[in-house]
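# Descriptive structure summary
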Amino acid sequence: MRIGLFGGSFDPIHNGHILPVLAAREVLDLDVVHYLPTARPPHKPRGTRAPAVARYTMVELALLHYPELVVSDVELDLDRPAYTVDTVERYAAEEPEAELHLLLGVDSFNDLMSWRRFEDLVGAVRLVVLARPGERGLDPAVQAAVEGARGFDLVRDRSVDVSSSSIRGRLARGEDVDAGLMPAAVLRYCRKYGLYR
């Protein structure tokens, strides 16, 4: 079994979180990708805008049409910040025969050496970097460190140019959100419960 792991705050989830993952799943022949909304992201000391349960629900709504993409609550049951290395080790213990692949963006890849237990993380999982055309390059020092471990795959995809912060801004101002930016069910959920207003 080839399992992809894709973590984030998903505040809110949008098509830029979905389309590159679908491309990576196809290119790397992953059986399933687990989305891991985190209750307390360690890199966001001020927290998230929407509560953890709302972000989990939005991811569930966004993935309803993609049976190969599932949402996991593994990082929601923690009373502390969730660290990726802990999550990877938990999956490795529960699925010892699985090949684990950690999906992340270029910025996260370039910042990896500052992550908790970096060496253990890159030794436990194959990395998959989701890059958009024209995006800045990969940090050579991180590349060298990762290639000395399990290595990485680079997947380029013509993704949607959108960010969670730009969607939050549009929702806060009461502006329309283009249908191509996020799943309609997620947008309806945000509006129904007044998220980001």
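Refer to the structure printed above.
For the structure given in this document, a descriptive report is provided here.

Rules used throughout
Going along each chain's sequence as written, the residues are numbered from 1 onward. pLDDT decides what is reported in this predicted model: residues at 70 or higher carry local features, side-chain atom pairs at 80 or more are listed and counted, and totals for whole chains, interfaces and linings draw on all residues regardless. Each side-chain value is worked out from all heavy atoms of the structure, with water and hydrogens disregarded. Criterion used throughout: strands pair if DSSP finds at least two bridges between them. Numbering goes from the N terminus for both helices and strands, where a helix is a DSSP run of H or I of at least four residues and a strand is a run of E of at least two. The axes are straight lines fitted to the C-alpha atoms, using for helices just the contacting stretch, and the angles between their N-to-C directions are given from 0 to 180°. Contacts are assigned to residue pairs with any non-hydrogen atoms lying within 4.5 Å of each other. Stacked, edge-to-face and tilted are the three classes for Phe, Tyr and Trp ring pairs, Trp counted by its six-membered ring, which pair at centre distances within 6.5 Å; planes under 30 degrees apart are stacked, over 60 edge-to-face, the rest tilted. Think of it in three bands: with a 1.4 Å probe and only protein chains considered, a residue is buried below 20% of the maximum accessible area for its type, exposed above 50%, and partly exposed in between. Definition used: whenever NZ (Lys) or CZ (Arg) falls within 6 Å of the ring centre and also within 35 degrees of the ring normal, the charge is taken to sit over that ring.

Take the sheet that holds strand β4 (residues 99–105) next. Reading across the sheet, the six strands line up as β3-β2-β1-β4-β5-β6 and stay open at both edges, with parallel pairing between neighbours. Every other strand in the sheet has two partners, leaving β3 (69–71) and β6 (152–156) as the edge strands with one partner each. Adjacent strand axes in the sheet meet at a mean angle of 25° when their direction is disregarded. As judged from the six bridges shared by strand β1 (residues 2–8) and strand β2 (residues 32–37), these two strands associate in the parallel manner. Its bridge partner lying in β2, glycine 4 is registered against valine 33. The sheet contacts of helix α1 (residues 19–28) involve β1, β2, β3, β4, β5 (126–131) and β6, and relative to β5 the element is tilted by about 130°. Here helix α3 (residues 84–94) sits on the sheet and contacts β1, β2 and β4; the angle it forms with β4, its principal contact strand, is near 155°.

Let's shift gears to unusual backbone geometry. Here the residue pair aspartate 11 and proline 12 is connected by a cis peptide bond, since its omega of 5° sits within 30 degrees of zero. Along the chain, proline 12 turns up in the loop between β1 and α1. Positive phi, normally seen in glycine, also occurs at phenylalanine 10, with a value near 50°.

The next point concerns the packing of aromatic side chains. Scanning all chains against the criterion turns up five aromatic pairs. Ring geometry for phenylalanine 6 against tyrosine 35: centres 5.3 Å apart, planes inclined by 85°, an arrangement best described as edge-to-face. Taken as a pair, phenylalanine 6 in strand β1 and tyrosine 35 in strand β2 lie far apart in primary sequence, 29 residues in all. Given a relative accessible area of 0%, tyrosine 35 falls into the buried group. A ring pair is formed by phenylalanine 109 and phenylalanine 152, whose centres lie 5.2 Å apart and whose planes are at 50°; its orientation type is tilted. With phenylalanine 109 in helix α4 (residues 106–110) and phenylalanine 152 in strand β6, this residue pair connects regions lying 43 residues apart in the sequence. Put simply, the rings of Phe6, Phe10 and Tyr35 pair up and form one aromatic cluster. The ring of tyrosine 83 has arginine 116 sitting right over it, with the charged end atom 3.8 Å from the ring centre.

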